[in-house]
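Topology and contacts: notes
Residue-level listing of the chains:
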Amino acid sequence: MKKVILSLAVIAVLGLVSCKNETKREAESTQTEMAGDVALTELSFGVRGNCGMCKNTIEKAVNAVEGVAKADWDVNKKKIDVAFDGSKTDAMAIHKAIAASGYDTEKVAGSEEAYKNLPGCCQYDHAMEMNQSGENAAESHDEHHM
């Protein structure tokens, strides 16, 4: 009897999790369709950082800017690719959002206060090259994903 109850509980949990994922996928596709109606500006530039946690913080800062449709920071190349609605924001607003989160961009130095609050693994070398080719990727920080 305990096995039957346990089995039912596991099935119920799996059912709820899969329903949640289906709802999330549907919402994501709707956002993509809406973005397709707007002419997006695409931009790439260098951003200093070290690991997966940096990637999360940088992309979160960029996605918080109104009008940003996509942000993808490459850990190895130290480069971000952004797509945004130019009628709602501009490149400098994106640079400033990243800098406010503690990271240097090609145009704006990161906030020193925010930098000091970054986890130790995210405190990058301020002389680090940005916008690299990625062929000679430095030390991997894959274990820092959040």
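Cut-offs applied
- Residues numbered from 1 in each chain as written.
- Predicted model: local features only at pLDDT ≥ 70, side-chain atom pairs only at ≥ 80, totals over all residues.
- Heavy atoms only, no water.
- Helix = DSSP H or I, 4+ residues; strand = E, 2+ residues; numbered from the N terminus.
- Buried < 20%, exposed > 50% of the residue type's maximum accessible area, 1.4 Å probe, protein only.
- Contact = heavy atoms within 4.5 Å.
- Areas by Shrake-Rupley, 256 points an atom, 1.4 Å probe, with all protein chains shown as cover.
- Pairing = 2+ DSSP bridges.
- Axes fitted to C-alpha atoms, helices over the stretch in contact; angles between N-to-C directions.
- Disulfide = S-S within 2.5 Å.
- pLDDT = per-residue confidence, 0-100.
- Core = buried A, V, L, I, M, F, W, Y, C linked by side-chain atoms within 4.5 Å.

1. Digging into the overall build of the protein
- Each helix and strand in the protein was counted, giving four helices and three strands.
- Mapped from its N terminus to its C terminus, the protein presents α and β elements in the order α-β-α-β-β-α-α.
- Looking at the protein as a whole, 33% of its 146 residues are labelled buried.
- Within the protein, counting contacts between residues at least 6 apart in sequence, those at least 24 apart form 59% of the total.
- When the accessible surface of the protein is totalled, it reaches about 9,500 Å², and 54% of it is carbon and sulfur.

2. Looking at the sheet that holds strand 2 (residues 68-74)
- Ordered by their spatial adjacency, three strands build an open sheet running 1-3-2, and the pairing between neighbours is antiparallel. Looking at which strands have only one partner, the edges of the open sheet turn out to be strand 1 (40-46) and strand 2. The average undirected angle you get between the axes of adjacent strands in this sheet is 10°.
- When strand 1 meets strand 3 (residues 79-85), the two strands line up antiparallel, connected through seven bridges. Residue pairing for strand 3: Gly46 is matched across the bridge by Lys79.
- Helix 2 (residues 52-63) rests against strand 2 and strand 3 of the sheet, and its axis sits at about 160° to strand 2.

3. Some points on the state of the cysteines
- Under the counting rule described, the total for this entry stands at zero disulfides.
- With no disulfide partner, Cys51 has as its closest neighbouring cysteine sulfur the one in Cys122, 3.7 Å distant.
- In this structure Cys54 is a free cysteine whose sulfur lies 3.4 Å from that of Cys122, the closest cysteine sulfur available.

4. Thoughts on the environment of Val82
- The topology assignment puts Val82 in strand 3.
- For Val82, a relative accessible area of 2% corresponds to the buried category.
- Separated by 38 residues in sequence, Val82 and Ser44 place their C-alpha atoms 6.3 Å apart.

5. Some points on helix 3 (residues 91-100)
- Those residues of helix 3 that sit buried are Ile94, His95, Ala97, Ile98 and Ala99.
- Positive backbone phi, approximately 110°, marks Gly102, located one or two places after helix 3.

6. Describing the confidence of the model for the protein
- Scored by pLDDT, the protein has a mean of 79; 65% of the residues are at 70 or more.
- Low pLDDT, under 50, characterises residues 18-35; the stretch is placed with two contacts to residues that sit more than four places away or in other chains.
- Within the model, the stretch residues 136-146 combines pLDDT values under 50 with 11 contacts to residues more than four positions away or in other chains.

7. Considering the nonpolar core
- Ranked by internal contacts, the top residues of the largest apolar core, which has 24 residues, are Ile80, Ile94, Ile98 and Tyr103.
- Of all the elements in the fold, those that place two or more residues in this core are helix 2, strand 2, strand 3 and helix 3.
- The contact partners of Tyr103, leaving out residues within four places of it in the chain, are Val47, Arg48, Gly49, Cys54, Thr57, Ile58, Ile98, Val108, Gly110, Leu118, Cys122 and Tyr124.

8. Quick look at the pairing of strand 3
- In terms of burial, strand 3 is largely enclosed, as five of its seven residues are buried.
- As judged from the six bridges shared by strand 2 and strand 3, these two strands associate in the antiparallel manner. Residue Lys70 lies in a different strand from strand 3, and its bridge partner there is Ala83.
- A loop of four residues connects strand 2 with strand 3, the two strands running antiparallel in sequence, and Lys78 in this loop sits at a positive phi of about 60°.

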